[in-house]
Amino acid sequence: MKKILIIEDDESIAELEKDYLEINGYKIEIAHDGIVGAELALMEEFDLVLLDVMLPGKDGFKVCQEIRAVKQIPILMVTAKKEDIYIIQGLGLGADDYIVKPFNPSELVARVNAHIARYKRLTSIEKNNDIDKSLIVIGRVKILLKARRVYVEEKEVRLANKEFELLLFLASNPNIVFSKDTLLDRIWGEESVGDNSTVTVHINRIREKIEQDSSNPQYIETVWGAGYRFNI
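Positions within a chain are numbered from 1, following the residues in the order the chain's sequence is written. This being a predicted model, a pLDDT of at least 70 is required before a residue's local features are given, and a value of 80 or more before pairs of side-chain atoms are given or counted; all residues contribute to the totals for chains, interfaces and linings. Where side-chain values are given, they derive from all heavy atoms of the structure, hydrogens and water being excluded.

Fitted lines through C-alpha atoms serve as axes, helices being fitted only where they are in contact, and the angles separating the N-to-C directions of these axes extend from 0 to 180 degrees. Each helix corresponds to a stretch of at least 4 residues labelled H or I by DSSP, and each strand to a stretch of at least 2 residues labelled E; elements are numbered beginning at the N terminus. Two numbers describe how helix 7 (residues 180-188) lies on helix 8 (residues 197-210): the axes approach to 9 Å, and their chain directions differ by 80 degrees. In this view, helix 7 runs roughly perpendicular relative to helix 8, as classed from their interaxial angle. When helix 7 is examined against helix 8, the residues Lys180, Leu183, Leu184 and Trp188 are found in contact with a partner set consisting of Thr198, Val199, Thr200 and His202. Amino acid classes used here: Ala, Val, Leu, Ile, Met, Phe, Trp, Tyr, Cys and Pro are nonpolar; Asp, Glu, Lys and Arg are charged; the rest, including Gly, are polar. Classifying every residue of the contact of helix 7 with helix 8 gives four nonpolar, three polar and one charged. Roughly parallel means an angle under 35 degrees; roughly antiparallel, over 145; roughly perpendicular, 65 to 115; everything else is oblique. Whether two residues touch is decided by their heavy atoms; if any such pair falls within 4.5 Å, the residues are in contact.

Moving on to the side chain of Asn231. Considering the arrangement of structural elements, one finds Asn231 in the segment after strand 11 (227-230). Think of a polar contact as two N or O atoms within 3.5 Å of one another; within protein, one of them needs to be a possible hydrogen donor and the other a possible acceptor, and neighboring residues in sequence only count if both atoms come from side chains. Here the side chain of Asn231 touches Glu221 through a polar contact of 3.0 Å, side chain to side chain. Contacts of Asn231, omitting those with residues within four sequence positions, involve Arg118, Ile138, Asn175, Gln218, Tyr219 and Glu221.

Attention shifts here to the packing of aromatic side chains. What characterises a pair of aromatic rings is the spacing of the ring centres plus the angle enclosed by the ring planes. The rule is short: rings of Phe, Tyr and Trp, with Trp giving its six-membered ring, pair when the centres are within 6.5 Å, and they are stacked under 30 degrees, edge-to-face over 60, tilted in between. Going through the model one piece at a time under the given rule, you end up with two aromatic pairs. With a centroid separation of 5.6 Å and 20 degrees between ring planes, the pair formed by Tyr219 and Phe230 is classed as stacked. Placement of the pair is Tyr219 in the loop between helix 8 and strand 10 (220-223) and Phe230 in strand 11, with a sequence separation of 11 residues. In this structure Tyr219 comes out as buried when scored by relative accessible area, which is 2%. Here's how the labels work: a residue is buried when its accessible area is under 20% of the maximum for its type, exposed when over 50%, partly exposed in between, all with a 1.4 Å probe on protein chains only.

Formed by 30 residues in total, the largest nonpolar core has its most connected members in Ile143, Val150, Ile210 and Ile220. Of all the secondary-structure elements, those providing two or more residues to this core are strand 6 (135-138), strand 7 (141-144), strand 8 (149-152), helix 6 (161-172), helix 7, helix 8 and strand 11. Here this core gets seven residues from one element, more than from any other, and that element is helix 6. With sequence-adjacent residues up to four places away left out, Ile220 is seen in contact with Leu170, Ile203, Ile206, Arg207, Ile210, Glu211, Tyr228, Arg229 and Phe230. To qualify as a nonpolar core, a set must consist of buried Ala, Val, Leu, Ile, Met, Phe, Trp, Tyr and Cys residues joined through side-chain atoms within 4.5 Å. Formed by 19 residues, the second largest nonpolar core is a distinct cluster that contains Leu5, Ala31, Val49 and Met77.

This next bit is on the sheet that holds strand 6. Two pairing modes exist for strands in a sheet, parallel and antiparallel, and in both the strands are linked by backbone hydrogen bonds. Two strands qualify as a pair provided DSSP detects at least 2 bridges between them. Within the open sheet, the four strands sit side by side as 6-7-8-9. Their pairing is antiparallel. Each edge of the sheet is formed by a strand with only one pairing partner; in this case those strands are strand 6 and strand 9 (155-157). If you compare each strand with its neighbour and ignore which way they point, the axes differ by 25 degrees on average. Across three bridges, strand 8 lies against strand 9 in antiparallel orientation. Counted as the bridge partner of Tyr151 is Glu156 from strand 9. Along the sheet, helix 6 contacts strand 6, strand 7 and strand 8; its crossing angle with strand 7, the most-contacted strand, is approximately 110 degrees. Contacting strand 7, strand 8 and strand 9, helix 8 runs over the sheet at an angle of about 50 degrees to strand 8.

See below:
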């Protein structure tokens, strides 16, 4: 049975979430403050964390950051704040998704199901890739690390050096949002000159080469105001 940790200080909301998730076959544990919630998330094994933003003791952003530093389990943030800045901050710290209060319980369950299924696919891919550390296979895309070659549906696509390094970095860290500044620092380092628009240019070039529809990308998603993430 899949196990979910709910970190929510409003007991009525926590019980509502618990009831709907239990009906759908999940085992639930609840923490009512950020300090206890973070400790439970790090000490025990959960398949997903449902995390409120406004918490006593330690806010949801800090809890999210602490969990993500150690574990890659899905984190779904729940917020009463509709402003983009709160959503962007959560995604930038490693949250996989967010839902705004008041929410439809059925939507909550659907999102939980989707993220747990996605994480299962991700871990399956990681296990397969562990067999050969020189190969990453995600969907239609195959990346050969040692040969520095990329194939889409068995057809090789030519990437410039920085395009390859950028794609490899994103594909090696799927479902995590990276800002343009972070990508500029990680890929270009001391070579970086000027603003981070060079990241956008390279992302667009990669999309043209690996996506079926570069205007509606399947793999490299733009998280508006936050950066980019590689989807599994």
